[in-house]
Amino acid sequence: MMKPLSSIIEVVDLSHSYGERKVLQDLNLGIGKGEVFALIGPTGAGKTTLLRIIDLLEVPGAGEIYFDGKCLPRSGKQRLEIRRRMSFIHQKPQVFNLSVYDNVACGLRWRGEGKNRIAEKVDHILEMVGLEGYKNRNARTLSGGEAQRVALARSLVLEPEVLLLDEPTANLDPVSTAKIEQLISYVARQHNTTMIIATHDMSQGQQLADRIGVLLDGRLVQTGNVTDIFRSPQNEQVAHFVGMENIIEGVISASNEGIVMVNIGGNAIQAVSNHPAGKEVYACIRPEDITLALSRTQSSARNSFQAKVTRVTSFGPLSRVEINCGFRLVALVTKISAEELNLQVGREVYATFKATGVHVMERKTS
Ligand SMILES: Nc1ncnc2c1ncn2[C@@H]1O[C@H](COP(=O)(O)OP(=O)(O)OP(=O)(O)O)[C@@H](O)[C@H]1O
Ligand SMILES: [Mg+2]
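Quantities reported herein were computed from a predicted structural model and do not represent experimental measurements. (Residues numbered from 1 in each chain as written. Chains lettered and ligands numbered in written order. Predicted model: local features only at pLDDT ≥ 70, side-chain atom pairs only at ≥ 80, totals over all residues. Heavy atoms only, no water.)

Participant: How do you make sense of the coordination of the magnesium ion (ligand 2) when you look at a structure like this?
Facilitator: For a metal bound by four donors in a tetrahedral arrangement, the ideal donor-metal-donor angle is 109.5 degrees, while six donors in an octahedral arrangement ideally sit at 90 or 180 degrees. For the magnesium ion (ligand 2), the full set of protein donor atoms is Thr48 (OG1) and Gln91 (OE1), at a range of 2.0 to 2.5 Å. Of this pair, Thr48 sits in helix α1 (residues 47-54) while Gln91 sits in the loop between β6 (86-89) and α3 (100-110), placing them 43 residues apart in sequence. (Donors = N, O, S within 2.8 Å, 3.2 Å for Na, K, Ca; no water. Helix = DSSP H or I, 4+ residues; strand = E, 2+ residues; numbered from the N terminus.)

Right, here's the structure in full:
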């Protein structure tokens, strides 16, 4: 059976259980050649299980996987050949109790490459991952970030067509994380390697991926580009997961040519949407899309509400400001502007946001 060749990996109606527990349910997903795909989802969502199945470490309970147009057999030699075209970097990368050089070289030795060719390739890759000075160090003595780079080098030296990365920066400090992320985007750009990156870190998905799939409780709830997922989550669960902090219940009170009024307990929010009047909806606003000011500013933003600050929490350079404007809103502002506006509990402010900054999503009443 052949599938269209545009996808290098095609997952069709895939389900998997461990005992009674359904871990993956009815997944359908195509990964394009050269695409960087982030699989995001909370702990236990099934990310690792899906990567293991794609890497042929496990046979799915139901469904098929196509690799480069060919349906994968459930056993046999062909699986091994296909496995060789992929490389899997595990959630907890294991380095061998050998020098950094030998760690990276061993895959090439197994493949029977010549000594000089191996040396050339390993040197090149170690330079790329910034470990050229570490050749003779025992890999077990490296820091977590360095070990992760060895794991990456060990995969990259084999020039896989598909690279599967399972939480590549979990447990790494911010500097090591940034290095690994830079490497991943460098490889994606320079080598056009297809990548599937499992992560529970939204911003990592946003930063690295061409496309994101949200996996919740074993279901691929939404797949789309970064903007789709962040601006237009398909349901409340995805909205929560992507940090859409303001998810406000309302009812459409008027709808005209793509602009709606959402009634929220007597207040009206203007939004861009085609839902008809009477529809029960959630109005979703990202906290960074709300601006706060001490007076009603003249601006093109259609929504402006007088509000009282009910809570301020600071983290790093940002302040999270909860306000009450007849309904509760959370705004994210820089700490500097929070200080300039003297945002304290009880302070009166004006909250402003654009109609285009409001994502309206149907509320399914159960
Ligand atoms: N070998 C196994 N036997 C039984 N249950 C398993 C096995 N492997 C995974 N599970 C269960 O399957 C579910 C999905 O696990 P999985 O490791 O795929 O999640 P994940 O999304 O990778 O989570 P995390 O973000 O914590 O890595 C979990 O409930 C897990 O306990
Ligand atoms: Mg996992």
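Text resumes after the structure shown.
Participant: Hey, could you run me through the packing of aromatic side chains in this one?
Facilitator: Here a ring pair, both rings aromatic, is described through the centre-centre distance and the interplanar angle of the planes. The full count for this structure, using the stated rule, is two aromatic pairs. Considering the side-chain rings of Phe305 and Phe327, the 5.3 Å spacing of their centres and the 85 degrees angle between planes classify their relative orientation as edge-to-face. Placement of Phe305 in strand β16 (residues 303-315) and of Phe327 in the loop between β17 (318-324) and β18 (328-334) is noted, with a sequence separation of 22 residues between them. We classify Phe305 as buried; its relative accessible area is 9%. (Phe/Tyr/Trp six-rings, centres within 6.5 Å; stacked < 30°, edge-to-face > 60°. Buried < 20%, exposed > 50% of the residue type's maximum accessible area, 1.4 Å probe, protein only.)

Participant: For this particular structure, what's the right way to read the sheet that holds β6?
Facilitator: Where strands meet in a sheet, backbone hydrogen bonds hold them as pairs that are either parallel or antiparallel. If you walk across this open sheet you meet the six strands as β6-β7-β8-β3-β9-β10, and the pairing is mixed. Each end of this open sheet is capped by a strand with a single partner; those strands are β6 and β10 (219-224). Adjacent strand axes in the sheet meet at a mean angle of 15 degrees when their direction is disregarded. Pairing of strand β3 (residues 36-40) with strand β9 (residues 211-216) involves four bridges; the strand directions are parallel. Bridging across to β9, Ala38 finds its partner in Ile212. Sitting on the sheet, helix α6 (residues 174-191) is in contact with β3, β7 (162-166) and β8 (194-199), with an inclination near 155 degrees to β8. (Pairing = 2+ DSSP bridges. Axes fitted to C-alpha atoms, helices over the stretch in contact; angles between N-to-C directions. Contact = heavy atoms within 4.5 Å.)

Participant: Which parts of the structure should I look at to understand the site of ligand 1?
Facilitator: Around ligand 1, a shell composed of 13 residues is seen, among which Arg21, Gly44, Lys47, Thr48 and Thr49 lie nearest. At 2.7 Å from an oxygen atom of ligand 1 is found a side-chain nitrogen or oxygen belonging to Arg21. Within the backbone of Gly46, an N or O atom sits 2.9 Å from an oxygen atom of ligand 1. The protein chains hide 63% of the 640 Å² of surface that ligand 1 would expose on its own. (Near = heavy atom within 4 Å. Polar contact = N/O pair within 3.5 Å; in protein donor to acceptor, adjacent residues only side chain to side chain. Areas by Shrake-Rupley, 256 points an atom, 1.4 Å probe, with all protein chains shown as cover.)

Participant: So what exactly am I meant to see when it comes to the sheet that holds strand β5 (residues 70-71) here?
Facilitator: One open sheet accounts for four strands, arranged β2-β1-β4-β5; its pairing is antiparallel. Of all strands in the sheet, those with a lone pairing partner are β2 (21-32) and β5, marking the two edges. Sheet analysis places strand β4 (residues 62-67) next to β5, joined by two bridges and oriented antiparallel. What sits directly across from Phe67, in β5, is Lys70. Relative to strand β1 (residues 7-18), α1 is tilted by about 120 degrees, and along the sheet it contacts β1, β2 and β4.

Participant: Looking at this structure, how should I read the domain arrangement of the protein chain?
Facilitator: Much of the literature gives interface size as the accessible area that the parts lose upon coming together. For the protein chain, the domain assignment lists domain 1 (7-239) and domain 2 (244-362). Listed per partner, the contact involves eight residues of domain 1 and seven residues of domain 2. For domain 1, the biggest contributors to the area lost against domain 2 are Arg231, Glu236 and Ala239; these three give 63% of the whole. Along the contact surface separating domain 1 from domain 2 lie zero salt bridges. (Domains from an automatic or database assignment. Buried area = accessible area lost by both parts, 1.4 Å probe. Salt bridge = Lys/Arg side-chain N within 4 Å of Asp/Glu carboxyl O.)

Participant: Quick question: what am I supposed to make of unusual backbone geometry here?
Facilitator: Most of the time, phi is negative for any residue but glycine, and the peptide bond is trans. A positive phi angle, close to 50 degrees, is found at Asp13, a residue other than glycine. Relative to the elements of secondary structure, Asp13 occurs in strand β1. Of note, the phi angle at Asn192 is positive, near 55 degrees, even though the residue is not glycine. Following the sequence through the fold, Asn192 ends up in the loop between α6 and β8. Taking the relative accessible area as the measure of exposure, Asn192 reaches 52% and is therefore exposed.

Participant: Sorry, what's going on with the nonpolar core here?
Facilitator: A general feature of soluble globular proteins is that nonpolar side chains tend to end up buried together. In terms of nonpolar packing, the biggest core is built from 54 residues, with Val122, Leu165, Met195 and Ile212 touching the most fellow members. The element that contributes the greatest number of residues to this core is helix α5 (residues 144-156), accounting for six residues. Residue-level mapping places this core at the junction of two domains, with at least three residues from each of domain 1 (7-239) and domain 2 (244-362). If we skip the residues at most four places from it in the chain, Met195 touches Glu35, Val36, Phe37, Leu163, Leu165, Ile184, Val187 and Ala188. (Core = buried A, V, L, I, M, F, W, Y, C linked by side-chain atoms within 4.5 Å.)

Participant: How should a nonpolar patch on the surface be read in this particular structure?
Facilitator: A cluster of nonpolar side chains, Phe96, Leu98 and Trp110, forms an exposed patch at the surface whose accessible area comes to about 350 Å². By the element assignment, Leu98 lies in the loop between β6 and α3. (Patch = residues over 30% accessible without salt bridge, like charges linked within 9 Å, V, L, I, M, F, W, Y side chains within 5 Å.)

Participant: Could you clarify how one ought to interpret the packing of α5 against α6 in this entry?
Facilitator: The description of two packed helices rests on the angle between their axes and on the distance between the axes. Where α5 contacts α6, the two axes come as close as 9 Å, and the packing angle between them is 15 degrees. By the angle class used here, α5 and α6 are roughly parallel. Seen along the crossing, α5 lies across α6 with a hand that is right-handed. Along the contact surface, α5 presents Gly145, Gln148, Arg149, Leu152 and Leu156, while α6 presents Ser176, Lys179, Ile180, Leu183 and Val187. (Parallel < 35°, antiparallel > 145°, perpendicular 65-115°, else oblique. Left-handed = near helix turned anticlockwise from the far one by under 90°.)

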